[in-house]
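Chain residues, written in single-letter form:
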Amino acid sequence: MTCPANQTVELNQALLALDWLLGTWESDEPGEGNFPSIKPFHYIETLNFSHVGQPVINFTFNAFHAETKKPMHRECGFIRMQPGTNRVAFIIAQNSGLVEIEEGDLTGQQLNLQSQAVARTSFAREPHVQKISRVIQLRSDGRLEQSVSMATDNQPLMQHLHITYRRSS
């Protein structure tokens, strides 16, 4: 990773188990989104995972409508690991006004995460998200796969998003 003044910084030792995430990933074909309260849709997305030598990975997720290319969902945040364990935390802010902490385990090159805390702006659209679970894995073919499930005030936890990516840098 290159930092200000063009200094190269090594990945913090606490994050070596997550080095497979680093870089930019682009959807190789449109992902699928659905939920009972919305019309099914397709989207494209770019993920970026970077670091500056601290014991956190910085990330941004930027989704666009597959047909119109209009901006859709945005997430940004940080990934931390509990030292000496396989416990991982995602700290996430979304452009929808949702903020969450997801925690879970790293097993090989797969992250299984569940929301531990969900907060929102006072004027967030209803129904309110109550729970999120996420699986991110590096497949044997070198592609990254992500599935996101969601529960709201009036729907139980169910798959909401599914997409695969190829590494672009």
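Reading the values: the criteria
Residues numbered from 1 in each chain as written. Predicted model: local features only at pLDDT ≥ 70, side-chain atom pairs only at ≥ 80, totals over all residues. Heavy atoms only, no water. Core = buried A, V, L, I, M, F, W, Y, C linked by side-chain atoms within 4.5 Å. Buried < 20%, exposed > 50% of the residue type's maximum accessible area, 1.4 Å probe, protein only. Contact = heavy atoms within 4.5 Å. Salt bridge = Lys/Arg side-chain N within 4 Å of Asp/Glu carboxyl O. Helix = DSSP H or I, 4+ residues; strand = E, 2+ residues; numbered from the N terminus.

Draft legend 1. Region of interest: the nonpolar core. Counting residues in hydrophobic clusters, the biggest one holds 35 residues, and the most contacted among them are Leu18, Leu21, Phe49, Ile79, Phe90, Leu111 and Leu144. Those residues in contact with Leu18, other than ones at most four positions away along the chain, are Ile57, Ile79, Met81, Leu106 and Leu111.

Draft legend 2. Fine view of the pattern of salt bridges. In this structure the tally under the stated criterion is nine salt bridges. Of the charged contacts in the structure, one is a salt bridge between Glu103 and Arg87, with a shortest N-O distance of 3.5 Å. Here Arg87 lies in strand S8 (residues 87-94) and Glu103 lies in strand S9 (residues 98-107), a separation of 16 residues in the sequence. Salt bridges sharing partners connect three or more residues here, namely Asp28, Arg139, Asp141, Arg143 and Glu145.

Draft legend 3. Geometry of the environment of Phe64. Residue position: Phe64 is located in strand S6 (residues 57-65). Taking relative accessible area as the criterion, Phe64 reaches 24% and is therefore assigned partly exposed. For Phe64, the residues in contact, after removing those within four places along its chain, are Tyr43, Ile44, Lys69, Lys70, Pro71, Met72 and Arg74.

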